[in-house]
Amino acid sequence: MKSRYKVILSLIFLTSASACDDYLDVNENPNQLVEVPSGDLMLTGTLLANAQIQQGQLARTSMYYTGGLIGLQLVQQTLYNYDYTPGDSNAVWGHLYNGVLVQNKEIRRLSPDVGRLQGIIDVNEALAVGTATSLFGDIPYSAATPDNPGVDSEDPTLDAQADIYTALQTLLDNAIPKLQNGSTTGITNSQDNYFGGDANSWIAAAYTLKARYYLQTKQYAQALNNVANGINSASGTMYYNPVGDVPGNSNILFNFVNSSRAGDMTGEGTFYRDLIDPANANSRNNAKTDETARRNYSFISGDGEQAGGIDDATTPMKLVSYEENLLIWAECLIRANNDVQGAIDKLNELRAYLNTGAAFNLINGDETFLYEAYVLADFEAGGMENTDNIATDRAVLREIVEERYVTGFSTYMPFNDVRRLRLETDILVPFPLNSASATVNPQRFLYAQEEINNNSNLPDPIPDLFTPTPVNE
């Protein structure tokens, strides 16, 4: 862990064409901080490091574990077959600790009075750390970036997963007034890849993240208290916006499928593809739903990008979205208030947006799509969304979870949901396991090998791939 204390400055950062999404380290001396005049010059680096956490190798691996992609050969096949090693976590560990936390500490030191900048990095940190604790469970956080670190620094202790979620809620609460009232000195739109420096967009994303983390910890009433202030339009979605179409700086899926690893994985023949295939009698298509256009847009061949598709070089990648906010709202209306009709109404808000055709690119320009509004009768026993006659509220929840699965394709949303809802088998999306010998889905990722080698505070034995994280026990 001691080797992590270095600052990564990157204007061209996303070098994910290799099997591991390596980060760019431009320090001549890895133990010497690069001195910069102001913290805003480091904003691009910390945002792009987080983009790799959200959309890099582990996001693809989570798709292997939820029926979204198939690993065909080499490393991708071993990951797909649950042969995950601690070394597979090294890259995202580096992005988190070197790319985000160390850089953020330096930004706070250099520009303590630039309120909007401080609020932005707080929200970005909450996104990065929240993702990491959801994937790994207990991790170093409060002691991860000590003052004056050196080779004699004590190994950082691990914070309990529940404590990290609580700390992130406080971090987000404190970020919001900084964004509302803070000075904008030193911030340029070009340095903020996500929102171009717009404070209101960052505030809305903060509220949606608060709702996300309350959802992940099953605090549904608290989640419901935050969604109204969350991302309330498609234009407010937080994206990683590719820096042109230059390999290494473009869409992260594009970088992978156009690298030397092309052909190592595919979306062909997956459960996800079948679920949204109108030609499949067991798909989610029905008289009110036609997923043809979304299916075409989201296809990942694995050996080259689809022009205009989810893996096109210039396609923005969703990190925190309008769709997610609506789906959290819908689920929590049932969980917290038993408001089934309200949940259907929120689901229909999302379907109305999908029905505009603006939610994804039309690859051929003439694909069909349809998302008509559902009514309560559709979810009652014998309705089109309840042919197996489960309770009406459970049928609505099942549709919300299934929509989260499809909407969250290429993100961690399906992986987080299957672990959160692992005991609610009546509403789980029924994707198959990848191994005949497995009895449960993977429940976490393994601690990074670098951390195992350098931090004596890690648990012994190290939790394996199938051990639930504390919030999901």
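Criteria and cut-off values
Per chain, residue numbering runs from 1 following the sequence as it is written. Only residues with pLDDT of 70 or above have their local features reported here, since the model is predicted, and side-chain atom pairs are shown and tallied only from 80 upward, although totals for entire chains, interfaces and linings are computed over all residues. Side-chain measures were taken over the full set of non-hydrogen atoms in the model, leaving aside hydrogen atoms and water. Every axis corresponds to a line fitted to the C-alpha atoms, with the helix fit spanning only the stretch in contact, and the corresponding angles, defined between N-to-C directions, vary from 0 to 180 degrees. Numbering of helices and strands starts at the N terminus; helices are DSSP runs of H or I of at least 4 residues and strands are runs of E of at least 2. When describing relative orientation, an angle under 35 degrees is termed roughly parallel and one over 145 degrees roughly antiparallel, while 65 to 115 degrees is termed roughly perpendicular and anything else oblique. Two helices that cross are described as forming a left-handed crossing if the nearer one is turned anticlockwise from the farther one by less than a right angle, and a right-handed crossing if clockwise. Two residues form a contact once any of their heavy atoms are found within 4.5 Å. Ten residues, namely Ala, Val, Leu, Ile, Met, Phe, Trp, Tyr, Cys and Pro, are considered nonpolar, four, namely Asp, Glu, Lys and Arg, are considered charged, and the remaining ones, Gly among them, are considered polar. For cavity detection a 1 Å grid was placed over the protein atoms alone, and a set of points counts as a cavity when a 1.4 Å probe fits there but cannot get out; an open set counts as a pocket when protein lies on both sides within 12 Å along at least five of seven lines, with lining residues being those that have an atom within 4 Å of a point. Grid points are joined across faces, edges and corners, and a volume is the space filled by probe spheres set on the points. Note on aromatic contacts: the rings of Phe and Tyr and the six-membered ring of Trp form a pair at centre separations within 6.5 Å, being stacked when their planes are under 30 degrees apart, edge-to-face when over 60 apart, and tilted otherwise. Buried means the residue's accessible area, taken with a 1.4 Å probe over protein chains only, is under 20% of the maximum for its type, while exposed means over 50%, and partly exposed covers the values in between. Whether a charge sits over a ring comes down to the Lys NZ or Arg CZ being within 6 Å of the ring centre and within 35 degrees of the ring normal. Buried residues of nine kinds, namely Ala, Val, Leu, Ile, Met, Phe, Trp, Tyr and Cys, make up a nonpolar core once their side-chain atoms join them within 4.5 Å. The span you would expect from a helix comes to 1.5 Å times its residue count less one. Throughout this description, a polar contact denotes any pair of N or O atoms lying within 3.5 Å of each other; where both atoms belong to protein, one of them has to be capable of donating a hydrogen while the other can accept it, and for residues adjacent in sequence the pair is counted only when both atoms sit in side chains. As a per-residue measure, pLDDT tells how confident the predictor is, with possible values from 0 to 100.

**Concerning the packing of helix 8 (residues 220-227) against helix 12 (residues 322-337)**
Thought 1: The interhelical angle for the contact between helix 8 and helix 12, taken along N-to-C directions, is 135°, at an axis separation of 8 Å. The angle between helix 8 and helix 12 falls in the class oblique. Between helix 8 and helix 12 lies a crossing of left-handed hand. Contacts between helix 8 and helix 12 involve Tyr220, Ala221, Ala223, Leu224 and Val227 on the former and, on the latter, Asn325, Ile328, Trp329, Glu331, Cys332, Leu333, Arg335, Ala336 and Asn337.
Thought 2: Classifying every residue of the contact of helix 8 with helix 12 gives ten nonpolar, two polar and two charged.

**Remarks on the layout of surface pockets**
Thought 1: Volume-wise, the largest pocket comes out at about 680 Å³.
Thought 2: Along the lines of polarity and charge, the residues of the lining of the largest pocket split into 20 nonpolar, 15 polar and eight charged.

**Concerning the packing of aromatic side chains**
Thought 1: The full count for this structure, using the stated rule, is 20 aromatic pairs.
Thought 2: Measuring from ring centre to ring centre gives 4.0 Å for Tyr272 and Phe409, while their planes differ by 10°; the resulting arrangement is stacked. Pair noted here: Tyr272 is in helix 10 (residues 271-275) and Phe409 is in the loop between helix 14 (392-407) and helix 15 (413-420), with a separation of 137 residues, a long-range link. Here Tyr272 matches Phe409 in class, with each residue buried.
Thought 3: Put simply, the rings of Tyr65, Tyr82, Tyr84, Phe415, Phe445 and Phe466 pair up and form one aromatic cluster.
Thought 4: Between Arg60 and the ring centre of Phe256, over which it is positioned, the NZ or CZ distance is 4.0 Å.

**Quick look at the nonpolar core**
Thought 1: Counting 126 residues, the largest nonpolar core has Phe136, Ile139, Tyr194, Trp202, Met238, Ile300 and Phe445 as the members making the most contacts within it.
Thought 2: Beyond its immediate stretch of four places on either side in the chain, Ile139 contacts Trp93, Leu96, Tyr97, Val129, Ala132, Thr133, Leu158, Asp159, Ile164 and Tyr447.

**Some words on helix 7 (residues 199-216)**
Thought 1: Taking 1.5 Å of rise per residue, the 18 residues of helix 7 would be expected to cover 26 Å, and the 26 Å separating its terminal C-alpha atoms lies within 8% of that figure.
Thought 2: The element helix 7 is extensively covered by neighbouring structure, given that 17 of its 18 residues are classed as buried.
Thought 3: Once helix 7 finishes, Lys218 follows within two positions and takes phi at roughly 60°, a positive value.

**So, the packing of helix 1 (residues 43-55) against helix 5 (residues 115-136)**
Thought 1: The N-to-C vectors of helix 1 and helix 5 enclose an angle of 20°; their axes lie 10 Å apart at closest approach. On the basis of the axis angle, helix 1 is roughly parallel to helix 5. By crossing handedness, the relation of helix 1 to helix 5 is classed as left-handed. In this structure, helix 1 contributes Leu43, Thr46, Leu47, Asn50, Ile53 and Gln54 to the contact, and helix 5 contributes Leu117, Ile120, Ile121, Asn124, Leu127, Ala128 and Thr131.

**Section: the side chain of Gln216**
Thought 1: Note on placement: Gln216 falls in helix 7.
Thought 2: One polar contact links Gln216 to Tyr165, side chain to side chain, over a distance of 2.7 Å.
Thought 3: When near neighbours in sequence (up to four residues on either side) are disregarded, Gln216 contacts Ser134, Tyr165, Asn416, Arg420, Val471 and Asn472.

**Remarks on the environment of Phe299**
Thought 1: With respect to the element layout, Phe299 can be found in the loop between helix 11 (292-297) and strand 5 (317-320).
Thought 2: Classification of Phe299 as buried rests on a relative accessible area of 18%.
Thought 3: When the C-alpha positions of Phe299 and Gly68 are compared, they lie 9.9 Å apart, and in sequence the two are 231 residues distant.
Thought 4: Dropping the residues within four chain positions of it, Phe299 is found in contact with Gly267, Glu268, Arg273, Gln306, Ile310 and Asp311.

**Re the side chain of Gln76**
Thought 1: Tracing the chain through its elements places Gln76 in helix 3 (residues 74-80).
Thought 2: Excluding its chain neighbours within four sequence positions, the residues that come into contact with Gln76 are Gln57, Tyr64, Gly71, Phe256, Asp264 and Met265.

**Some thoughts on the environment of Ile252**
Thought 1: By secondary structure assignment, the location of Ile252 is in helix 9 (residues 252-257).
Thought 2: The exposure class assigned to Ile252 is buried, which follows from its relative accessible area of 0%.
Thought 3: As for Ile252 and Asp312, which are separated by 60 residues in sequence, their C-alpha atoms are 9.2 Å apart.

**Focus on unusual backbone geometry**
Thought 1: For the peptide bond that leads from Asp460 to Pro461, omega is 5°, which places it in the cis range.
Thought 2: Following the sequence through the fold, Pro461 ends up in the segment after helix 16 (449-454).
Thought 3: Phi is positive for Tyr82, which is not a glycine, with a value near 70°.
Thought 4: With a relative accessible area of 11%, Tyr82 lands in the buried category.
Thought 5: A positive phi is found at Asn338, a non-glycine position, where the angle reads about 55°.
Thought 6: For Asn338, the position within the fold is in the loop between helix 12 and helix 13 (340-354).

**Brief notes about the confidence of the model for the protein chain**
Thought 1: Mean pLDDT for the protein chain: 91, with 89% of residues reaching 70 or above.
Thought 2: The low-confidence segment residues 5-33 (pLDDT under 50) makes 87 contacts with residues lying over four places distant or belonging to another chain.

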